[in-house]
Amino acid sequence: MKIVQILPALKEGGVETGTIDLSLSLKARGHEVTVISNGGTGVKLLDQNGIRHLQWPVHKKNPWTIYRMSRKLARHIQKNSPDIIHARSRVPAWITYFAALKTKTRWVTTCHGYYQTHFWSRVMGWGDAVIVPSRTIEKHMREDFNVSEDKIVRIPRGVDLEKYPFEQRKANQKPIIAMIGRLTPIKGHKDFLKALSLLKKERGDFSAWLIGGNTEDNRYYEDLIKMRDSLGLKNDVDFLGHQEDIADLLKKIDLLVFPSTYPESFGRVVIEAQAAGVPVVASRLGGAQEIIEEGITGHLFQAGHPFELAAAIQRVFSNREETIRMTFRARLKVEKEFSKSQMVEKTEAIYLKLFRKKILIFKLSSLGDLILISPSVRAIRKHFPDGKITLITDFAAKEMVELCPYLDDILYIDKKAYWKNLPQIIKKLSSHAFDISIDF
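K.L.:
I'd like a rundown of the overall build of the chain, residues and numbers included.
P.N.:
Helix and strand content of the chain: 18 helices and 17 strands. Considered along the principal axes of its C-alpha atoms, the chain spans approximately 85 × 45 × 40 Å. Going through the 440 residues of the chain one by one, you find that 51% of them count as buried. Here the contacts in the chain between residues at least 6 apart in sequence split such that 66% fall between residues at least 24 apart. For the chain, the exposed area adds up to about 21200 Å²; of that, 51% sits on carbon and sulfur atoms. Measuring between centres, the 68 positive side-chain charges of the chain sit 5 Å from its 51 negative side-chain charges.

K.L.:
Pulling in residues and values, what's your account of a nonpolar patch on the surface?
P.N.:
A cluster of nonpolar side chains, namely L367, I371 and M400, defines an oily patch on the protein surface of about 260 Å² accessible area. With respect to the helices and strands, the residue L367 is situated in helix α15 (residues 367-372).

K.L.:
Could you give me a rundown of the layout of surface pockets, with the residues and numbers involved?
P.N.:
To find leftover empty space, a probe the size of one water molecule is rolled over the atoms. If you add up the space inside the second largest pocket, you get close to 850 Å³. In terms of lining, the second largest pocket is formed by 26 residues, of which the most central are R106, D128, K358, H432 and A433. Mapped onto the lining of the second largest pocket, the elements with two or more residues apiece are α4 (90-103), β5 (106-110), α14 (340-355) and α18 (422-432). When its residues are assigned to classes, the lining of the second largest pocket shows 10 nonpolar, six polar and 10 charged.

K.L.:
So what about unusual backbone geometry? Which residues, and what values?
P.N.:
Backbone geometry places S81, a non-glycine residue, at a positive phi of 55 degrees. Tracing the chain through its elements places S81 in the loop between α3 (63-80) and β4 (84-87). Residues other than glycine seldom take positive phi values, yet K104 does so here, at roughly 60 degrees. With respect to the helices, strands and loops of the structure, K104 is situated in the loop between α4 and β5.

K.L.:
Before we move on, could you go through the side chain of T297 and cite the residues and values that matter?
P.N.:
The residue T297 is located in the loop between α11 (288-291) and β13 (299-301) in this model. In this structure the side chain of T297 is engaged in a polar contact, spanning 2.8 Å, whose partner is the backbone nitrogen of E293. If near-sequence neighbours (up to four positions away) are discounted, T297 is found in contact with Q274, I291, I292, M326, R329, A330 and K333.

K.L.:
Can you tell me about the sheet that holds strand β7 (residues 152-154), naming the residues and giving the values?
P.N.:
If you walk across this open sheet you meet the seven strands as β3-β2-β1-β4-β5-β6-β7, and the pairing is parallel. Pairing within the sheet leaves two strands with one partner each, and these edge strands are β3 (52-55) and β7. Across this sheet, the average inter-strand angle for adjacent strands is 20 degrees, counted without regard to direction. With three bridges connecting them, β5 and strand β6 (residues 129-132) associate as parallel partners. Bridged to T109 within β6 is V130. Helix-sheet contacts for α4 involve β1 (2-6), β4 and β5, and the interaxial angle to β5 is about 165 degrees.

K.L.:
Would you mind going over the environment of H383 in detail, with residue names and values included?
P.N.:
Positionally, H383 belongs in helix α16 (residues 374-383). Taking the C-alpha atoms as reference points, H383 and S437, 54 residues apart in sequence, are found 15 Å from one another.

K.L.:
Outline the pairing of β6, listing residues and values.
P.N.:
Here β6 shows no split at all, with A129 and I131 on one side and V130 and V132 on the other all buried. Bridging between β6 and β7 involves three bridges; their strand directions are parallel. By the bridge assignment for β7, V130 is matched with I152. Crossover connection from β6 via helix α6 (residues 135-144) to parallel β7: handedness right-handed.

K.L.:
Lay out the packing of helix α10 (residues 268-275) against helix α13 (residues 320-337) with the relevant residues and their values.
P.N.:
It is the contact of α10 with α13, at a shortest axis distance of 8 Å, that shows an interaxial angle of 120 degrees. The orientation of α10 relative to α13 falls into the category oblique. In the crossing of α10 with α13, the sense of the turn from one axis to the other is left-handed. Between α10 and α13, the residues in contact are I271, Q274 and A275 and T327, A330, R331 and V334, respectively. Taken together, the residues of the contact of α10 with α13 break down into four nonpolar, two polar and one charged.

K.L.:
Account for the pattern of salt bridges, with residues named and values stated.
P.N.:
The final tally for this structure, using the stated rule, is 20 salt bridges. In this structure, E138 engages R142 in a salt bridge whose closest nitrogen and oxygen atoms are separated by 3.9 Å. In this pair, E138 and R142 are both assigned in helix α6, four residues apart and thus about one turn of the helix distant. Shared partners join several salt bridges into a network, and the residues in it are D21, R268 and E272.

K.L.:
Residue-level account of the pairing of β1, with values.
P.N.:
The side chains of a regular strand alternate, first on one face of the sheet and then on the other. Burial analysis of β1 places four of its five residues in the buried class, the great majority of the element. As judged from the five bridges shared by β1 and strand β2 (residues 32-37), these two strands associate in the parallel manner. Considered in β2, the bridge of I3 is made with V33. Traced from β1 through helix α1 (residues 14-28) to β2, the parallel crossover comes out right-handed. The pairing of β1 with β4 spans four bridges and is parallel. The residue of β4 that forms the bridge with Q5 is H86.

Conventions adopted
Residues numbered from 1 in each chain as written. Predicted model: local features only at pLDDT ≥ 70, side-chain atom pairs only at ≥ 80, totals over all residues. Heavy atoms only, no water. Helix = DSSP H or I, 4+ residues; strand = E, 2+ residues; numbered from the N terminus. Buried < 20%, exposed > 50% of the residue type's maximum accessible area, 1.4 Å probe, protein only. Contact = heavy atoms within 4.5 Å. Areas by Shrake-Rupley, 256 points an atom, 1.4 Å probe, with all protein chains shown as cover. Lys, Arg positive; Asp, Glu negative; His and termini not counted. Charge placed at Lys NZ, Arg CZ, Asp CG, Glu CD. Patch = residues over 30% accessible without salt bridge, like charges linked within 9 Å, V, L, I, M, F, W, Y side chains within 5 Å. Salt bridge = Lys/Arg side-chain N within 4 Å of Asp/Glu carboxyl O. 1 Å grid on protein atoms, 1.4 Å probe; cavity = no way out; pocket = protein on both sides within 12 Å on 5 of 7 lines; lining within 4 Å. Points joined across faces, edges and corners; volume = space filled by probe spheres on them. Nonpolar A, V, L, I, M, F, W, Y, C, P; charged D, E, K, R; others polar. Polar contact = N/O pair within 3.5 Å; in protein donor to acceptor, adjacent residues only side chain to side chain. Pairing = 2+ DSSP bridges. Axes fitted to C-alpha atoms, helices over the stretch in contact; angles between N-to-C directions. Right-handed = clockwise from strand over helix to strand, strands pointing away. Parallel < 35°, antiparallel > 145°, perpendicular 65-115°, else oblique. Left-handed = near helix turned anticlockwise from the far one by under 90°.

Keep in mind that these numbers describe shape and distance, not what the molecule does.
Next up, the structure:
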C-alpha cells in the first residue's frame, strides 16, 4: 500500500514519536510511506531510513492556508495515488477532509487529544476510521462527537521494547524524580513543585528534573522558575529543557511523575518509563488511569492534589520491595498491551480493511432473476478476491441467498414498503461507504 501520514510538525512529543515509529515499521513491512509536516528534528530520522518527507505549512490554522494545502494534497493524491491518508491533528484533518472529498481517497484520523466539543474539532470524527488510544477518548468521541461505534478503533500507543530495556532501579540515597513533557499548564508542573516542597519537609535527599521544551509563551516557564525559588527548591529542581534521548534519561531516573490536570488521551512517556523499569506516579485522569493499576503497576493520585501526590512519591521510596514488584508487573503489562509491534499490526489492519474494495449489488426483483445473476456475482468475486461484496435484496429471498459463497454480507429490505423506507435505506447505505455499486 501507499500510505501518507500528515501532522503539524515532527518535533518532540508522543504524536511525533508515534508517527516516526509507525512509518519506519510500515516501510519494513513493504509499504510505501510519505510523511507531510512543517518539519522538525524528526525529519532527519525519516531521511536516514529512506522515507519521503514533504515540508508543507500544514500547521497553520489560517483558513486560506488550509484551503491551499487541501488543493495541494489533492494534486499530490492525483499524481501519486496513495491508498490511505492518515491525519493526526485537526488542521491536517481539515486539509485531508477537503482533499479526500475531491479525490474519493480513504482517510483515517487519530485522536491524540481530549478535544473540546466545538465545530473545529468535529473533523476528527469524520474519517473512514477513527483511531483512539484509550477508552477515555473512545467514550468522548462516541458520546460528545456522535461518532458511530463501527468507525472507532481503539489502538493504544506502543513503545519500542528494544529501545527501552528493563533495568531494576538501585536504592539511591539521593533519588532523581522527573517530569517529562512540554512546559504547558495542563501538564501539572505547579502541582509537582508543590508536592516536592512537601516532600522536602519529610526528606530532603532528592533531585528533581523537569524535562521538556518551553512553549512559545515564555511566561509559564518564568512562573515556574519563580515558584521553584519561592518554595525553597532552587538547589533541588533543575529545568533540563528539550531532550532527544529519553531512553538514556530514563536509565538515570528513579521515579517518573505524570501529574496532568487535564484528561490526556494516553501518556506515552508512562509506558516508556514502565518498559525501562522506572516506577510511575500519575494523576487519576484520562488515559493514564487505564495504563496504571493502583498499587499493581504504579500509583495514582487525585489530579490537582499536591498532598496526595507527595504521599504517593513517599510510598514509592519507603517501600522498596513493593516498588520492585510493581515495576516488574508494569513491564509485563507493557509487553502484553503496549508494545510497538501491536500498535503497528492493528494500524496496518485498519489500513488493509479500508484498502479492501466495498462493493454493493442491487437486486430487488423476482427470485428467478436473482438466480440468473449468480454467474455475474461469481465473476465479481473472482475479479475482487479481497473485496467485501454486499447484496441488497428483498426479505423474500433470504433462504435462497444467505448461503451464497460469493457474498460477505446481505442487507434485506421490504420491497413492498420501499418508498416509505427510502430515507432509512439511504442512511444505512451511506454509513457503509461503498466504493462500487452494481444495479442488475
